[in-house]
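Listed below, chain by chain, are the residues.
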Amino acid sequence: MKFTGLSTSDVDESRKKYGSNVIPESEPITFWDAFKETFSDPMIKILMVIVGIYTVMFFMGYAEIYEPLGTAIAILVVAFVTAKTEIANDTAYRKTKASIKKELIKTYRDGVLKEVVIDDIVVGD
């Protein structure tokens, strides 16, 4: 049994019809987006409610100012550290992904067995 595989024009046509075999790269995470995302955490939301309650209690004379202020500072520190960690993880992931060698795949193209980068595989190979 003789395999001829796809011709160069078939490869181009398949790529136009079905798209490329490349996973689209996501946008890098910005510090501000990571910082804002921290506030969607349920525990942070609970702490923000506690800050609100302490603030009301302070104005009513039942609490000291350091209680809501301390909790608010703790929330901001947690949000800052979480955002910095997310940025560091995203940066490390992108560096690792960029350094990985693309896998080579054997396929028939124009009647010849060739090794192509996995990103160049198309429907029909």
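Preceding block: the structure.
Residues numbered from 1 in each chain as written. Predicted model: local features only at pLDDT ≥ 70, side-chain atom pairs only at ≥ 80, totals over all residues. Heavy atoms only, no water.

A. Broad picture of the overall build of the chain. Within the chain, the secondary structure is distributed over four helices and two strands. When the helices and strands of the chain are placed in sequence order, the string is α-α-α-α-β-β. Taking 14 Å as the expected radius of gyration for a compact globule of 125 residues, we find that the chain reaches 27 Å, considerably beyond that expectation. Counting only C-alpha atoms, the chain reaches 90 × 25 × 20 Å along its principal axes. Considering the chain as a whole, with its 125 residues, one finds that 17% of them fall into the buried category. Sequence separation of 24 or more characterises 60% of the internal contacts of the chain that already satisfy a separation of 6 or more. Surface summary for the chain: the accessible area is close to 9,400 Å², and the carbon and sulfur share equals 65%. Here the chain holds 15 positive side-chain charges and 18 negative ones, and the gap between their average locations is 8 Å. (Helix = DSSP H or I, 4+ residues; strand = E, 2+ residues; numbered from the N terminus. Rg over C-alpha atoms; globule rule 2.2 N^0.38 Å. Buried < 20%, exposed > 50% of the residue type's maximum accessible area, 1.4 Å probe, protein only. Contact = heavy atoms within 4.5 Å. Areas by Shrake-Rupley, 256 points an atom, 1.4 Å probe, with all protein chains shown as cover. Lys, Arg positive; Asp, Glu negative; His and termini not counted. Charge placed at Lys NZ, Arg CZ, Asp CG, Glu CD.)

B. Examining a nonpolar patch on the surface more closely. Together, Phe 31, Ile 65, Tyr 66, Leu 69, Ile 73, Val 77, Phe 80 and Val 81 give the surface a local cluster of nonpolar side chains, amounting to about 770 Å² of exposed area. Among the secondary structure elements, Ile 65 is positioned in the loop between helix 3 (42-60) and helix 4 (66-99). (Patch = residues over 30% accessible without salt bridge, like charges linked within 9 Å, V, L, I, M, F, W, Y side chains within 5 Å. Salt bridge = Lys/Arg side-chain N within 4 Å of Asp/Glu carboxyl O.)

C. Expanded view of the pattern of salt bridges. Applying the stated criterion across every chain yields a total of five salt bridges. For the salt bridge of Arg 94 with Glu 25, the shortest nitrogen-to-oxygen distance reads 2.7 Å. In this pair, Arg 94 sits in helix 4 while Glu 25 sits in the loop between helix 1 (8-18) and helix 2 (31-38), placing the two residues 69 residues apart along the sequence. Salt-bridge contacts for Glu 25 lead to Lys 97; the nearest nitrogen and oxygen are separated by 2.9 Å. Here Lys 97 lies in helix 4 and Glu 25 lies in the loop between helix 1 and helix 2, a separation of 72 residues in the sequence. Residue Lys 97 is classed as partly exposed on the basis of its relative accessible area, which comes to 34%. Because the salt bridges share partners, they merge into one network encompassing Glu 25, Asp 90, Arg 94 and Lys 97.

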